Amino acid sequence: MSFQEMLFRLEQFWSDYGCLILQPYDVEVGAGTMAPATTLRALGPEPWYVAYVQPSRRPADGRYARNPMRLQHYYQYQVILKPSPDDVVDVYLESLRAIGIEPEEHDIRFVEDDWEAPTLGASGVGWEVWLNGTEITQFTYFQQVGGIECDPVCAEITYGPERLCMLIQKKNSVWDLEWHRGITYADVDKQFELEHNYYNFEEADTEMLFRLFEMYEKESARIAERGLVHPAFDLALKCSHIFNLLDARGSISVTERASYIQRIRALARACCLKHLETREAEAFPLLQKEWQVGLKHRAGK
Amino acid sequence: MESKERATLLLEIGTEEMPAGFMKEILDQLQERLTETLQELRLEFGSVRTLGTPRRLIALAHEVALRQPAEQRTVRGPAKRACFDAQGNPTQALLGFARSRGVSLEQVQFVETPQGEYALVEEYDEGRPAAEVLAEALPALIRSMTFPKTLRWGARQMRFGRPIRWMVALLAQEVIPFELEGIRSDRFSRGHRFQSPEPFEVRSPESFLDQLRQAHVLADPQERAEIIQREAHRLAESIGARPMIEPDLLEENVFLVEEPHLLLGNFPESFLRLPAPVLVSAMKKHEKFFPLQNAEGQLLPGFISVYNNGAPDKVREGNEWVLVARFNDAGFFYDEDLKQPLEAFVPALGRILYQQKLGTLLDKVNRLKRLADRLARALDWDPPQLQTLLRAVELCKADLATQMVMEFPDLQGIIGREYALKAGEPVAVAEAIAEHYEPRHAGDPPPQSQIGRALAVLDRIDTLVGYVGLGYMPKGSSDPFGLRRATTALIEILAEEPDYPTLAELVQAGHDEYREQKVMLKPLPALQTDLRSLFYARLEAYLEERGVRYDLIRATLGSGWDDSVYGFVQRALLLQSLSDTPDFKAITLTATRPANILSAAEKKQIRAVASMNEVDPTLFEHEAEHQLYNALQNATAQMEVLYYRHDYQAIYEALRVIDEPVNRLFDSVMVMVDEERLRQNRLNLLACANRLYLALADFTQIVQE
């Protein structure tokens, strides 16, 4: 199974389940959680069932493409189910079957791992899911986003597609993964990875980045105030990415660190509050829609 | 209606996978809560047992009465004067009381009590069926359970350790019906998630555990633990190895599986080039495997894995794959880290926060350097010793900036030693880097080398002064920064160091260095008070562990001419060894005499001065005064020398010499005379004697049979 085939199968599974399949979000994010389809939509009473691939950037995790498992740019497969269905764990296990992992034949474990994203003011309770000892998924019941309680609670299922595919293809390095028909992950991504590593660690103009941070921060706060939640949130994400870049450059002293995180959290929180207000003013439109979700819908196909 | 019938009660709370670390406490809690509930419901029962796996909490109560016993009781209502108005008509108070008890007004009686006349109702409670009262009580019991961390899930408002997915509640064969936010109790349980996923009907509480066993669930944690241990040893012995099974790791594994299976895996021998602690940590912390060693304690290229499900070959293949990936990762970090010498990591410490207000790790290292300099001077070390210590200080935190320690935080110090040796640092420096975190766990020995001990002491003094100086005193069971542990470690080291400065001196030095860096801590006197109470509490525990009687510990901690830990420990051990001798009993009796008279005088606002200069021999009227004065003069000079040599045995001998003159004075001289100058002079003389006793112990604390 090639990397892209595996992703197709996940898409198909969650589509059959009843999720909307979204396309990757087009602002740099550190994780699928930070895309507005998760951060903003996790709040409020409206149901929300979506799945999407999300390219994720974590500049400090770069290893100049020399480490078999660590990259500054990789993918997440993100699923949000709100409210979390009672059979959510069974559904998740079924999704593994869809990519050729028969749960009965393996040792699948749910190992406590609570999650926290300080820049989003978000936290959740859940597990890392182990397949024969390898972490393949992060499974979280969101409790808070933007410092606001989630009610109802959504389940977030975040697959690590590279890791999963390494197991499926029995490869020891991410670079050897077959993307499709003999073309490898290295063929696709290695130059990208290397150049970004040099940029992140050695070249990034930190003065420019500091200036950009201030500009984006100011703009985000200004337009959030005017009710333009999504542009404001995009700018908050930009601040977050710039902060990560500065951090990778070692340009943020430890004492400043906490205050930067606090500043980003304030932007994100403002967006979250505004978003809820806006949805409420619209009487939470998705409450009116009938979602047809569940394994039975899949079986009936 | 009285029923002697008994039956077994079963409660199973089916959840998604509960954190292994919660389970032990939760099962104890469930047992307690159910016991309390049954008592509150007045239901007689035999015993309550709890069992569990990651997916279920089970309580079995045996011989539960099927009915509450009948009971005759008197219920008191409002006072009679509140029951009728001026016209003699019943008030709301009376009507309400009658209504609430379900009786007519005629059935309400009035009875005289010591507090006046009151309304009363005689009630006969025939007792209700157990199933009925349990159906009301069990939801509250489940809701009342507490966890280290809880969550909400779906659209529900309740909180629990993990989502509840089913509940079985049976009394005998009958379901105890109740509901928690849409989750209903019934008789359907579930087996192993993968091997027996279909719900099954529980035939009876008695058959439940067997039915679970059929469904591949071993509910009893004890049984799972035994299987894991037995199998681990068997598998290891099959290749002549021994499994390294720590109790915590065993318990974690017990609560990660519903049915334990074990396998023996291997990894390529080439990884043995990596430091053994790295390999062990990757196996235990990351994968929860048991590492293997040979009879000589050397690590072998294999492991034992406990698993919950799966085809053994597939699980083994996966386990081996992930371990190789982990080791490759570690090997990558190892090779990357070793591209530069350990000292190259020191500047990066300026970017790692030690504590928000206490600065970076580099700030800490700089404080430690100055403290090291002061300590070396206090200990009269020669320049090469000081140089070694300073080098160790310089490098002691450097490994915290390495990739390896970021990946394996529990290897701090151990990696530092490894890298220091690779960089050609002196062995004494390398050892001290590893040792300065010792003792790492309760019961471990303190550092062996002189340099390591010095570094360990200074690091902890800096930590304690910093955190307590910011107001973080450990409270109750909460000690998030491990300050108690740090204090105990400090005591264990200092107990063997006669020449080290006293606690007060060490604390002051630590405080000075923070001030030098302009870090605001609480003022020194308040800090000394806080730290003294922390130290004394730990010293008490330490001495108790070393077998010193409690009153002797009090006597030790309430005395002494300074607060040297070595002194406290030596004096306490000496008192313990002497405590049964007749001489000691005699000296205890004598020593309490001046102490008692001084404290009686103090109550009358008469304060004595414990200085020989404040005693005027020309005011003596009795031979006994002269004799005691001479004895004290000899003893004082002698004891001051002995004290700073920590020669407490000799001090004890010196105190025995003044025993007789003290007693003679009390027997022949009236101390509390009216003449003020005479009285003050005698009290001062006794205060000098008392001061000498206090060099060894506060004898008034000692319990005499």
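It should be noted that the structure appears before, not after, this text.
Please read all numbers here as calculations on a predicted model, not as lab measurements.

**Q** Describe the interface of chain B and chain A, with residues and values.
**A** Contact residues are listed per partner, giving 52 residues for chain B and 47 residues for chain A. Between chain B and chain A, the buried area comes to about 4,200 Å², and carbon and sulfur atoms account for 50% of it. Of all residues in chain B, the largest losses of buried area upon contact with chain A belong to Arg152, Phe194 and Trp321 of chain B, amounting jointly to 18% of the total for that side. Viewed at the interface, chain A and chain B are joined by eleven salt bridges. Taken together, the links from chain B to chain A amount to 32 residue pairs in polar contact (both at pLDDT 80 or more). In terms of residue count, helix α8 (residues 312-337) of chain B provides more of the side of chain B that touches chain A than any other element does, twelve residues in total. Considering only residue class, the side of chain B that touches chain A consists of 20 nonpolar, 14 polar and 18 charged.

**Q** Outline helix α7 (residues 276-286) of chain B, listing residues and values.
**A** Residues and elements named next belong to chain B. With eight of its eleven residues buried, α7 lies for the most part within the structure. Three or more residues of α7 are buried, namely Val278, Leu279, Val280, Ser281, Ala282, Met283, Lys284 and His286. Taken from the residues just after α7, Lys288 is the one with a positive phi, measuring 60 degrees.

**Q** Help me get a handle on the packing of helix α1 (residues 3-17) of chain A against helix α4 (residues 161-169) of chain A, residues and values and all.
**A** Residues and elements named next belong to chain A. Remark: α1 packs on α4, axes separated minimally by 10 Å, with the N-to-C direction vectors making an angle of 115 degrees. Compared by their axis directions, α1 and α4 come out roughly perpendicular. Crossing of α1 against α4: the hand is right-handed. Residue-level inspection shows Phe3, Met6 and Leu7 of α1 in contact with α4, the latter providing Pro161, Glu162, Leu164, Cys165, Ile168 and Gln169. A breakdown of the residues in the contact of α1 with α4 according to their chemical character gives seven nonpolar, one polar and one charged.

**Q** Just give me the short version of unusual backbone geometry, but keep the residues and values in it.
**A** Residue Pro83 of chain A is reached from Lys82 of chain A by a cis peptide bond, and omega for that bond is -5 degrees. For Pro83 of chain A, the position within the fold is in the loop between β3 (73-82) and α3 (88-98). Note the cis peptide between Glu438 of chain B and Pro439 of chain B, where omega equals -10 degrees. Inspection of the secondary structure assignment puts Pro439 of chain B in the loop between α13 (427-435) and α14 (450-469).

**Q** So what's going on with the packing of aromatic side chains? Residues and values would help.
**A** Inspection of every chain in the model, using the stated rule, returns 43 aromatic pairs over all chains. A ring pair is formed by Tyr64 of chain A and Phe201 of chain A, whose centres lie 5.6 Å apart and whose planes are at 35 degrees; its orientation type is tilted. Linking Tyr64 of chain A in the loop between β2 (48-57) and β3 with Phe201 of chain A in helix α5 (residues 185-203), this pair joins segments that are 137 residues apart in sequence. Between Phe267 of chain B and Phe327 of chain B, the aromatic rings sit 4.9 Å apart at their centres with planes inclined by 85 degrees, giving edge-to-face as the arrangement. Residue Phe267 of chain B is found in the loop between β14 (261-266) and α7, and its partner Phe327 of chain B is found in helix α8; the two are separated by 60 residues along the sequence. When its relative accessible area of 5% is taken as the criterion, Phe267 of chain B is described as buried. Accessibility expressed as a relative area gives 0% for Phe327 of chain B, which makes it buried. Three or more aromatic residues link up through ring pairs in this structure, and these residues are Tyr77, Tyr92, Phe110, Trp127, Phe139, Tyr141 and Tyr159 of chain A. A cation over a ring is seen here: Arg41 of chain A above Trp48 of chain A, with NZ or CZ 4.1 Å from the ring centre. Above the face of the Tyr260 of chain A ring, Arg263 of chain A is positioned so that its terminal group lies 5.0 Å from the ring centre.

What counts, and where the lines are drawn
Residues numbered from 1 in each chain as written. Chains lettered and ligands numbered in written order. Predicted model: local features only at pLDDT ≥ 70, side-chain atom pairs only at ≥ 80, totals over all residues. Heavy atoms only, no water. Contact = heavy atoms within 4.5 Å. Buried area = accessible area lost by both parts, 1.4 Å probe. Salt bridge = Lys/Arg side-chain N within 4 Å of Asp/Glu carboxyl O. Polar contact = N/O pair within 3.5 Å; in protein donor to acceptor, adjacent residues only side chain to side chain. Helix = DSSP H or I, 4+ residues; strand = E, 2+ residues; numbered from the N terminus. Nonpolar A, V, L, I, M, F, W, Y, C, P; charged D, E, K, R; others polar. Buried < 20%, exposed > 50% of the residue type's maximum accessible area, 1.4 Å probe, protein only. Axes fitted to C-alpha atoms, helices over the stretch in contact; angles between N-to-C directions. Parallel < 35°, antiparallel > 145°, perpendicular 65-115°, else oblique. Left-handed = near helix turned anticlockwise from the far one by under 90°. Phe/Tyr/Trp six-rings, centres within 6.5 Å; stacked < 30°, edge-to-face > 60°. Lys NZ or Arg CZ within 6 Å of the ring centre and 35° of its normal.

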